[in-house]
Amino acid sequence: MAKGTHRNNAATVVLEADLPPPLKWAGGKRWLIGRLAELYSPHRHRRLVEPFVGGMAVALGLKPERALLNDINPHLINFYRWLQKGLRIEIPLENNREAYYRHRKRFNELIHRGEWESKEAAELFYYLNRTGYNGLCRFNQKGEFNVPFGKYKKIPYVRDLTAYKPILSRWTFTWGDFAEVPLDPEDFVYADPPYDVEFTKYAKEGFSWGDQVRLAEWLAHHPGPVVVSNQATKRILDLYRGLGFEVEVLQAPRRIASNGDRRPANEILALKL
C-alpha cells in the first residue's frame, strides 16, 4: 500500500493532503488526519462542516466533495476566499523587523477603514501569519492584530497560491459565531474549538467556558454525526460524557508553546456517530 493511505472497509482513504495548510496555525490537526479519515470514510457522501476551520488542515486532508468551513475570525475567512479566486501575493515579503511592523500597521489601517475584505488585506494576513511570532493569530479589544515580529532565520514564503483554487472552489466559507452556521440534519460536523486553556484570544471576542458549554450543547442537538477535539481537561471530559458523547483520549504533539514545552499533551475526541 502506498505511503500516506489507509485501507478501511475496502476503501482507500488518503491520509495526507497533497496541499499543505497555507498558514501556520496553533493547534493544527494534520497529526489527527488518519483517525479523522477513518471516522469520516463511511460518511463521505455527507457535507463536511467545520465551525472552527482554523488552519484548514482537516479539510485539506479529508478532501470532501462538499464542505462548509466557518470561523469567527473574518480575516482568516477573507484570506481563504481570496485563495478560492486564485491568489498571487504581490506585496513585498521580507523577513525583517522594519518590514513586519510596517505591514502590520498597514493591515490594521485597512481594518479601521473597513477594507479588511480586500486582496491587499488577504496578502498582508498571509505575510503576518508567516512572519509573526510562532505563527500566532491574536487581536486586541480594538480588533487590531498585535502579534510581535517572529524569530525565524528563514521563511519559505509562497507567492503563487493558485494551486489551492480547484479544491477550495467546491467549498463554502463563512465567518461568525458557530451557532449561526446553517447546519443540515445530515451534515458531518467536525468541531475543533479554542482549547480549554488560558489563551483563547484568537479573535477579539475570545472564547469563554460559557462558550465551551454552549458549543457542546449545540453539537449534542445535531442529529447527524459529530466529532469534537479539545484539551483533555477534567471539565471538558465531564461536559462531553455528560451529554452522551463517546470520548477517546489521545496524546497530541505540542506544535506551539510559549515556554518551549514540546511534550505530548492529552487531547480528546468526543464522538456522536
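Residues numbered from 1 in each chain as written. Predicted model: local features only at pLDDT ≥ 70, side-chain atom pairs only at ≥ 80, totals over all residues. Heavy atoms only, no water.

What follows is about the overall build of the chain. In terms of regular secondary structure, the chain is built from 8 helices and 9 strands. The proportion of buried residues among the 273 residues of the chain is 52%. Sequence separation of at least 24 residues holds for 72% of the intrachain contacts in the chain that already meet a minimum separation of 6. (Helix = DSSP H or I, 4+ residues; strand = E, 2+ residues; numbered from the N terminus. Buried < 20%, exposed > 50% of the residue type's maximum accessible area, 1.4 Å probe, protein only. Contact = heavy atoms within 4.5 Å.)

Let's shift gears to the nonpolar core. Ranked by size, the top nonpolar core spans 57 residues in total, and within it Met56, Phe79, Tyr80 and Trp171 carry the most contacts. For this core, the leading source of residues is helix H5 (residues 119-131), giving 7 residues. Setting aside residues up to four positions removed in sequence, Trp171 forms contacts with Met56, Ala59, Leu60, Lys63, Pro64, Glu65, Arg66, Ala67, Leu69 and Gln84. Ranked by size, the runner-up nonpolar core spans 22 residues in total, among them Phe52, Val181, Leu219 and Ile236. (Core = buried A, V, L, I, M, F, W, Y, C linked by side-chain atoms within 4.5 Å.)

Summed over all chains, the structure comprises 19 salt bridges. A salt bridge links Asp184 to Arg47; the shortest N-O distance between them is 3.6 Å. One end of the pair, Asp184, is in the loop between strand E5 (171-175) and strand E6 (188-191); the other, Arg47, is in the loop between helix H1 (33-40) and strand E3 (48-50), with 137 residues separating them in the sequence. By relative accessible area, which is 16% here, Arg47 ends up buried. The partner of Arg102 in a salt bridge is Glu94, and the shortest N-O contact between them spans 3.7 Å. Glu94 sits in the partly exposed class, given a relative accessible area of 32%. (Salt bridge = Lys/Arg side-chain N within 4 Å of Asp/Glu carboxyl O.)

What follows deals with the packing of aromatic side chains. Geometry of an aromatic ring pair is reported as the spacing of the ring centres plus the angle between the planes. Counted by the stated rule, this structure contains 18 aromatic pairs. For the pair Phe139 and Phe145, a centre-to-centre distance of 5.5 Å together with 80° between the ring planes defines the contact as edge-to-face. Given a relative accessible area of 3%, Phe145 falls into the buried group. What links up through ring pairs into an aromatic cluster is the set Phe79, Tyr80, Phe107, Phe125, Tyr126, Phe139, Phe145 and Phe173. Looking at Lys85, its charged tip hangs above the ring of Trp82, at a distance of 3.8 Å from the centre. The ring of Trp209 is capped by Arg235, whose NZ or CZ atom sits 4.1 Å from the centre of that ring. (Phe/Tyr/Trp six-rings, centres within 6.5 Å; stacked < 30°, edge-to-face > 60°. Lys NZ or Arg CZ within 6 Å of the ring centre and 35° of its normal.)

Let us look at unusual backbone geometry. A positive phi angle, near 70°, is found at Met56, a position not held by glycine. Mapped onto the fold, Met56 is located in the loop between E3 and helix H2 (57-62). In this structure Met56 comes out as buried when scored by relative accessible area, which is 0%. Although it is not a glycine, Asn134 sits at a positive phi angle of roughly 55°. You can see Asn134 is positioned in the loop between H5 and helix H6 (165-168).

This part takes up H1. If you check which residues of H1 are buried, you get Ile33, Leu36, Ala37, Leu39 and Tyr40. Viewed end-on, H1 has its buried residues packed into an arc of 165°, placing them on one side of the element. (Arc of directions from axis to C-beta.)

Running from amino to carboxyl end, helix H3 (residues 74-85) crosses H5 at an angle of 110°, the nearest separation of the two axes being 9 Å. With respect to H5, the element H3 is oriented roughly perpendicular. Contact with H3, carried on its side by His75, Leu76, Asn78, Phe79 and Trp82, involves Lys119, Ala121, Ala122, Phe125 and Tyr126 of H5 and no other residues of that element. For the contact of H3 with H5, the per-class residue count stands at 7 nonpolar, 2 polar and 1 charged. (Axes fitted to C-alpha atoms, helices over the stretch in contact; angles between N-to-C directions. Parallel < 35°, antiparallel > 145°, perpendicular 65-115°, else oblique. Nonpolar A, V, L, I, M, F, W, Y, C, P; charged D, E, K, R; others polar.)

The mixed open sheet is built from 7 strands, whose spatial order is E5-E4-E3-E6-E7-E9-E8. Every other strand in the sheet has two partners, leaving E5 and strand E8 (246-252) as the edge strands with one partner each. Here the strands of the sheet are splayed against their neighbours by 15° on average, with no regard to which way each runs. Together, E3, E6, strand E7 (226-231), E8 and strand E9 (265-272) form the strand contacts of H1, whose direction differs from that of E9 by roughly 5°. (Pairing = 2+ DSSP bridges.)

This brings us to helix H8 (residues 234-242). Taken together, the buried positions of H8 are Ile236, Leu237, Leu239 and Tyr240. In a view along the axis of H8, the buried residues occupy a sector of 165°, so they form one face of it. In this structure, H8 carries Lys234 and Gly242 as exposed residues pointing more than 90 degrees from its buried face. Residues of H8 that are buried make contact with helix H7 (209-220), E7, E8 and E9.

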